[in-house]
Amino acid sequence: MTKRALITGITGQDGSHLAEHLLGLGYEIHGTVRPVAAESAAATGRIAHLINDISLHSASIESYPSIYRLIGQYQFDECYHLAARSFVAESFLDGFSTMSVNINGTHYILAALCELQPHCRFYFAGSSEMFGNALESPQNENTPFRPRSPYGISKVAGFHLTRNFRETHGMFCSSGILFNHEGPRRGREFVTRKISIAVARIKLGLATELRLGNVESRRDWGHAADYVEGMYAMLQQPEPDDYVIATGETHSVKEFCEMAFACVGLDYRDYLVIDEKLYRPSESYVLTGDSSKARSVLNWRPKHTFQALVSEMVESDLEIIGRTLK
């Protein structure tokens with residue numbers, strides 16, 4: 001029997017990769033699209049190649065009636081809740097919206113599933129930003145949360161909501177604490193994509209500099225295509241649980257820049273400009289994930305190296321920008 005999955009945030013980086021992965025496994029895929037973006041080609045660009053193979057529904061995670069109506073129309077085997085206000089820097093500027101959308105949205109979906117489809121397996125997209133100023137490194141499933149941003153705080157709340165529905169209502173609810181994961185489909189506002197786009201523009205003679213904030217900041221960066229396989233694996237287990245998904249390696253923003261410029265034969269020092277206005281109000285300390293549990297229980301492993309990730313992003317933006325020039 002064909003399994004049916006609901007993906008909130010299907011038009012995002014992770015949603016598009018997850019939809020591809022599940023389609024390859026024979027799933028029937030349904031995804032939510034914000035009403036204002038339902039007819040926008042730009043908003044659905046990441047899944048344009050999948051449009052004929054999936055079902056999209058105009059629904060907002062900010063509206064309980066909207067979510068309740070959708071979940072009441074179809075019987076889902078699995079629900080992957082990926083939709084969120086996910087740009088950390090923006091959460092400092094508008095913490096109210098970040099907290100409202102991320103916390104209430106998670107609560108709405110869990111509540112609707114609990115009432116209408118309590119046997120549907122639920123995945124919550126947690127984040128390494130939940131650890132924030134961590135007391136230990138690397139961080140694992142037992143590391144205390146000390147978030148340093150409104151976004152991180154909202155994800156901690158969603159994590160505890162998910163655990164509460166699991167423990168109180170007996171639902172199959174699992175959380176993935178995913179460390180930074182990137183790729184060519186990453187949003188332009190994120191630092192890794194900002195770097196790959198700038199490198200491509202500089203190489204093509206369209207720009208002369210790259211302005212960044214704290215380039216000493218270090219992150220555990222993996223590839224989004226690898227990480228969605230971990231999401232899927234969590235919902236195939238006999239019992240629900242929480243898992244850290246990470247490479248276990250950290251690299252600085254400066255290292256990312258150096259490697260990205262090297263991909264096109266340039267020296268990053270000739271183009272990088274440090275702009276203190278781009279520093280975050282509060283920076284998380286070194287975040288490195290210990291994914292031993294996921295590797296042991298889920299048999300999950302990252303397939304892409306850091307160098308392969310950076311190269312793929314630069315090559316993709318060179319192709320995209322080069323194509324627009326032609």
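Conventions we followed
Residues numbered from 1 in each chain as written. Predicted model: local features only at pLDDT ≥ 70, side-chain atom pairs only at ≥ 80, totals over all residues. Heavy atoms only, no water. Helix = DSSP H or I, 4+ residues; strand = E, 2+ residues; numbered from the N terminus. Rg over C-alpha atoms; globule rule 2.2 N^0.38 Å. Buried < 20%, exposed > 50% of the residue type's maximum accessible area, 1.4 Å probe, protein only. Areas by Shrake-Rupley, 256 points an atom, 1.4 Å probe, with all protein chains shown as cover. Lys, Arg positive; Asp, Glu negative; His and termini not counted. Charge placed at Lys NZ, Arg CZ, Asp CG, Glu CD. Salt bridge = Lys/Arg side-chain N within 4 Å of Asp/Glu carboxyl O. Expected span 1.5 Å × (residues − 1). Axes fitted to C-alpha atoms, helices over the stretch in contact; angles between N-to-C directions. Parallel < 35°, antiparallel > 145°, perpendicular 65-115°, else oblique. Left-handed = near helix turned anticlockwise from the far one by under 90°. Contact = heavy atoms within 4.5 Å. Nonpolar A, V, L, I, M, F, W, Y, C, P; charged D, E, K, R; others polar.

Peer 1: Could you clarify how one ought to interpret the overall build of the chain in this entry?
Peer 2: The number of helices and strands found in the chain is 10 helices and 13 strands. Relative to its length of 326 residues, the chain is compact, with a C-alpha radius of gyration of 19 Å against a globular reference of 20 Å. Along the first, second and third principal axes, the C-alpha set of the chain runs to 60 × 50 × 40 Å. Looking at the chain as a whole, 52% of its 326 residues qualify as buried. In the structure as shown, the chain presents an accessible area of about 14,500 Å², 49% of it carried by carbon and sulfur atoms. Across the chain, 32 positive and 38 negative side-chain charges occur, with their mean positions spaced 2 Å apart.

Peer 1: Explain the pattern of salt bridges here, please?
Peer 2: Any two side chains of opposite charge can pair, so long as their charged atoms come close to each other. Per the stated rule, a full pass over the model turns up 16 salt bridges. Residue Glu 28 is joined to Arg 4 by a salt bridge in which the shortest nitrogen-to-oxygen separation is 2.8 Å. Linking Glu 28 in strand β2 (residues 28–33) with Arg 4 in strand β1 (residues 4–8), this pair joins segments that are 24 residues apart in sequence. Where salt bridges share partners, they join Arg 163, Arg 166 and Asp 242 into one cluster.

Peer 1: So what exactly am I meant to see when it comes to helix α5 (residues 150–169) here?
Peer 2: One full turn of an α-helix is made of 3.6 residues, so residues set three or four places apart face in the same direction. For α5, spanning 20 residues, the distance from its first C-alpha to its last is 28 Å, which sits close to the expected 28 Å at 1.5 Å a residue. Buried residues of α5: Pro 150, Tyr 151, Gly 152, Ser 154, Lys 155, Val 156, Gly 158, Phe 159, Leu 161, Thr 162, Phe 165 and Arg 166, and no others. Backbone geometry just downstream of α5 places Gly 170 in the positive-phi region, at approximately 70 degrees.

Peer 1: Just checking my understanding: could you explain the packing of helix α4 (residues 95–116) against α5 for this structure?
Peer 2: Close contact between α4 and α5 brings their axes to 8 Å; oriented N to C, the two are set at 15 degrees. One element, α4, and the other, α5, form an angle in the roughly parallel class. The element α4 and its partner α5 pack so that their crossing is right-handed. In contact with Gly 95, Thr 98, Met 99, Asn 102, Ile 103, Thr 106, His 107, Leu 110, Ala 111 and Cys 114 of α4, α5 contributes Pro 150, Tyr 151, Ile 153, Ser 154, Ala 157, Gly 158, Leu 161, Thr 162, Phe 165 and His 169. In the contact of α4 with α5, the residues fall into 11 nonpolar, 9 polar and no charged.

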